[in-house]
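# Inside the fold
Next come the chains, spelled out residue by residue.
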Amino acid sequence: VQLQACGGGSVQAGGSLRLSCVASGGAVSIYGMGWFRQAPGKEREFVAGINWRGDSTYYVESVKGRFTISRDNAKNTVYLQMSSLKPEDTAVYYCAADRRLSTMVVTTESFYDYWGQGTQLTVSS
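Predicted model only: the values in this text are computed from it and were never measured.

## Digging into the nonpolar core
Side chains of a nonpolar character, in soluble globular proteins, are inclined to be buried together. In terms of nonpolar packing, the biggest core is built from 29 residues, with M33, W35, F67, L80 and Y93 touching the most fellow members. Elements supplying a minimum of two residues to this core: β1 (2-6), β3 (17-24), β4 (32-38), β5 (45-50), β7 (67-72), β8 (77-82), β9 (91-98) and β11 (119-124). Take this core: its biggest share by element is four residues, from β9. Those residues within four positions of L80 in sequence are excluded, and the remaining contacts are L17, R18, L19, W35, V47, A48, F67, T68, I69 and Y93.

Have a look at this one:
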């Protein structure tokens, strides 16, 4: 499966943005999906994930209550709705797919099998 992340851009602190991850070459409905981010000079970190059934989500503490991950299997797309954005959210955001059919959300980067190319989010103060 190929993943393409899009929707990044520049936004002021407090603003909102929605990232999309469009899958091709496979049905996103059978994959657990995750969003990761990498800020300049930092390691890539898990941000949010949703299991393949869509009934379990998990967020890193720093984005809880501000970010929401969702999936639209009919559109083969996973979204990351971000609100109350902060400058520290600035990073390149990546989507990834996990083919393990786990009922739990996978947060470990190495467990994901497919990756999108990343989309830049810049939040200015």
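So that's the structure; there's more coming.
## Observations regarding the state of the cysteines
Under the criterion given, the structure shown has one disulfide. The residue that forms a disulfide with C21 is C95, at a sulfur-sulfur distance of 2.1 Å. Measuring handedness by torsion sign, the sulfur bridge of C21 and C95 sits at about 70° and is right-handed. Pair noted here: C21 is in strand β3 and C95 is in strand β9, with a separation of 74 residues, a long-range link. An identical accessibility class is assigned to C21 and C95; each is buried. In this structure C6 is a free cysteine whose sulfur lies 8.3 Å from that of C21, the closest cysteine sulfur available.

## Digging into the environment of Y59
Examined against the element boundaries, Y59 turns out to sit in strand β6 (residues 57-59). When the C-alpha positions of Y59 and A5 are compared, they lie 18 Å apart, and in sequence the two are 54 residues distant. Among residues more than four places away in sequence, those in contact with Y59 are F46, V47, A48, K64, F67, T68 and I69. Here I69 takes part through its backbone nitrogen, which lies 2.9 Å from a polar atom of the side chain of Y59.

Calculation criteria
- Residues numbered from 1 in each chain as written.
- Predicted model: local features only at pLDDT ≥ 70, side-chain atom pairs only at ≥ 80, totals over all residues.
- Heavy atoms only, no water.
- Core = buried A, V, L, I, M, F, W, Y, C linked by side-chain atoms within 4.5 Å.
- Buried < 20%, exposed > 50% of the residue type's maximum accessible area, 1.4 Å probe, protein only.
- Helix = DSSP H or I, 4+ residues; strand = E, 2+ residues; numbered from the N terminus.
- Contact = heavy atoms within 4.5 Å.
- Disulfide = S-S within 2.5 Å.
- Polar contact = N/O pair within 3.5 Å; in protein donor to acceptor, adjacent residues only side chain to side chain.

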